[in-house]
Amino acid sequence: MKQALLFSLIWLILGCTSAPAPDWMYQSYNALDSYKSSILEGKSTLADLYFERAVAETKRSGDLILLGRVYLTQMAMETVLQHPHSENAFLAILKIAPDPENEQYYRFLQGKNYGDLIPALLPGQYRDFAAALQQKNEEAASGAIGRIKDPCSQIISISVCDKWRLCKEQEYRTAIDTASRQGWKAVLQLYLEKLAGLQDARGEKEQAGLTREKLDLLKD
Amino acid sequence: MGSSMKLKREFKVGLFVLLTTLLIVCSISYVAYKKGVFETEHAYTLYSISGEGLTEGMPVLFSGFKIGKVTELELNDKGMVIIRISVPNRHTKWVRQNSQFAMVRPVIGTARINVYTDDLAAPPLVLDSQSEVLIVDDINQLINKAQPIVAKLDQTVANIEQITGNLANHNENINKIISNTEKVSANFASKKSVAELVLGEEESVRSIHGSIRHIESILKHTDERVYNPEGTLPLVNLILKDILLKLDKLNTTVDNINQISTNASDSTKDLRLLRSEIDATVTAVKGLSRKIDGILSSGKEKEIQLP
């Protein structure tokens, strides 16, 4: 009787669910997710492997807009880690398959010509922040960063803010706290270094020394 | 009568002068005709990067025969030397569009322009065209080739001079070597053996002889010990026989190892089969886990979003 009930329950669950996502979608999503966490943790070799897999799996779909998003994700991570953008592949895709959202996000990451930026076409979490940037309103930008819930998006917006040299100690500390909570060692080290630089610039030598000592202790 | 005779003589003289003049004119005309004075000439224009060695009147040869000459030389605006040659009508057949012109400056003889035509059936060279003249400078090439040889000869002569100078000087090494050789040969003549010559004294030679005799006696003893029925060699023979027996046994072992490796190879094939089966199972499990994941995520598609 119990077996019959269990069987019925499983059948009911299976019946209520729709068909699972296609294999390529599942694989590419997971690979890209692993890429993001690996690169932010500082495991660049592993991250490269995951990224290659994400690209290969997305290519299976033939969807160039999605493939563009994969490359944009890579550029977003490069923005966070302040590496030069690997933009050739994305620009080639944009030429063949133009997508306004992808294009706007690319401009957002570039940190140039914010006058041409259309915040409405950016992912929801960045719209307020982009609008504040356009107005060069530091307080509004800082507030918008604080309201971003997704840690990765928050770090990306801090990096973009830093490109515009609008970042203050508060943003650096937010980045350090977020990276610390998520275990993103590469980001943590980068922003500790930035914070030390900022403290040096303000003449707070003691504070800067303490930050650097903390950084040294965290290094491998 | 007298008047008629005088007229006759004057007529004859006049006729003679006229005929002679006519003959001279005809001869000159004939020679001029044969020389091609009346022949139509074609002027071709050539150019060269250098006018060195070029002179007006320079012959133009085809297969060693003169077919024309250089009539004019001038420089154009680009600094190239423009060479005008005239070729009589009867020789224009040798000058074709594919003809190549080369100015040759031989070691012996005067400079000339040679015409090389591979295909005589090619269309004739257009009069207002310009062809390049290549420069074949035999003299300079010869000088360039001769220069290193002359330099080497110069060095060789200097070396010979130094050697002869050394020979002439009594204090130089060669003379010292000769005098040392003389001393050695004189010494060799006064000694009884080479050993004495090398060692220099008889006592040492005697000592060496003693040592050799001692070595001979040692070798004799060694022979006795090695070749004796109870000596080393029969013992070595026995050991070798034993080793051969053991090697025979080792052969069997090697055969066994071969068999084992063959079995291992077969097993590897089985392992591959097993691996492919495991792969298939893993793929199936992956598919299943994906389905479960799909169920657990309530069918929500994990579409890639911008971070």
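The preceding data block contains the structure.
Structural notes, computed from the coordinates. (Residues numbered from 1 in each chain as written. Chains lettered and ligands numbered in written order. Predicted model: local features only at pLDDT ≥ 70, side-chain atom pairs only at ≥ 80, totals over all residues. Heavy atoms only, no water.)

Observations regarding unusual backbone geometry
What counts, and what does not: Put simply, DSSP H or I for four residues or longer makes a helix, DSSP E for two residues or longer makes a strand, and each gets a number counted from the N terminus. Burial classes: relative accessible area under 20% of the type maximum marks a residue as buried, over 50% as exposed, and values in between as partly exposed (1.4 Å probe, protein chains only).
In this model, Lys 136 of chain A sits at a positive phi of 55°, which is unusual for a non-glycine residue. Assignment of secondary structure puts Lys 136 of chain A in the loop between α7 (127-134) and α8 (138-147). Positive phi is not limited to glycine here, since Ser 63 of chain B has a value of about 50°. Topologically, Ser 63 of chain B is positioned in the loop between β2 (59-62) and β3 (65-75). Using a relative accessible area of 60% as the deciding quantity, one classes Ser 63 of chain B as exposed.

Digging into the sheet that holds strand β5 (residues 100-105) of chain B
Residues and elements named next belong to chain B. Stated precisely, the cut-off is as follows: When DSSP finds two or more bridges between a pair of strands, those strands are recorded as paired. Each axis is a line fitted through C-alpha atoms, and for a helix only the stretch in contact is used; angles between axes span 0 to 180 degrees, taken between their N-to-C directions.
Strand order in the closed barrel formed by seven strands is β1-β4-β3-β2-β6-β5-β7, with mixed pairing between adjacent strands. The average angle at which neighbouring strand axes cross in this sheet is 35°, direction not considered. With five bridges connecting them, β5 and strand β6 (residues 112-116) associate as antiparallel partners. Each residue of the ladder has a partner; that of Val 104, found in β6, is Arg 112.

Let's talk about the side chain of His 85 of chain A
Operational definition: Pairs of N or O atoms are called polar contacts if they sit within 3.5 Å, as long as, within protein, a hydrogen donor faces a hydrogen acceptor (for residues adjacent in sequence, only side-chain-to-side-chain pairs).
Along the chain, the position of His 85 of chain A falls in the loop between α4 (64-80) and α5 (88-96). For His 85 of chain A, the side chain forms a polar contact with the side chain of Gln 110 of chain A, separated by 2.9 Å.

Quick look at the side chain of Glu 78 of chain A
Residue and element names in this part refer to chain A. Selection rule: Throughout, a residue-residue contact means that at least one pair of heavy atoms, one from each residue, lies within 4.5 Å.
Locating Glu 78 in the fold gives a position in helix α4. For Glu 78, the side chain forms a polar contact with the side chain of Ser 86, separated by 2.6 Å. Setting aside its immediate chain neighbours within four residues, Glu 78 contacts His 83, Pro 84, His 85 and Ser 86.

Examining the pattern of salt bridges
Residues and elements named next belong to chain B. Condition: We define a salt bridge as a side-chain nitrogen of Lys or Arg found within 4 Å of a carboxyl oxygen belonging to Asp or Glu.
Evaluation of the coordinates by the stated rule reveals 19 salt bridges over all chains. Note that Glu 72 is salt-bridged to Arg 84, the shortest N-O span being 3.9 Å. Residue Glu 72 is located in strand β3, and its partner Arg 84 is located in strand β4 (residues 81-88); the two are separated by twelve residues in the primary sequence.

Focus on a nonpolar patch on the surface
All names here are of chain B. Convention followed: Nonpolar side chains (Val, Leu, Ile, Met, Phe, Trp, Tyr) are joined into patches within 5 Å and like charges within 9 Å, using only residues with over 30% relative accessible area and no salt bridge. The protein chains shown are the only cover counted for residues, whose accessible areas, like all others here, come from Shrake-Rupley with a 1.4 Å probe.
A grouping of Tyr 227, Leu 233, Leu 235, Val 236, Leu 238, Ile 239, Leu 240, Ile 243, Leu 244, Leu 247, Leu 250 and Val 254 is seen on the molecular surface, where their side chains present a nonpolar patch of about 1,100 Å² in accessible area. With eleven residues, helix α6 (residues 232-296) is the largest single contributor of residues to the nonpolar patch. Note that Leu 250 resides in helix α6. We classify Leu 250 as partly exposed; its relative accessible area is 46%.

Focus: the nonpolar core
Defined as follows: Within this scheme, the nonpolar core is defined by two criteria: the residues are buried Ala, Val, Leu, Ile, Met, Phe, Trp, Tyr or Cys, and they are joined through side-chain atoms within 4.5 Å.
Ranked by internal contacts, the top residues of the largest apolar core, which has 63 residues, are Tyr 105, Phe 108, Phe 129, Ile 156 and Val 187 of chain A. Top element by residues in this core is α4 of chain A. It accounts for nine residues. The residues contacting Tyr 105 of chain A, other than those within four sequence positions of it, are Leu 72, Ala 76, Leu 122, Pro 123, Tyr 126 and Ile 156 of chain A together with Leu 306 and Pro 307 of chain B. Val 60, Ile 83, Phe 101 and Ile 113 of chain B belong to the second largest nonpolar core, which has 19 residues in total.

Taken by themselves, the reported measurements are silent on function.
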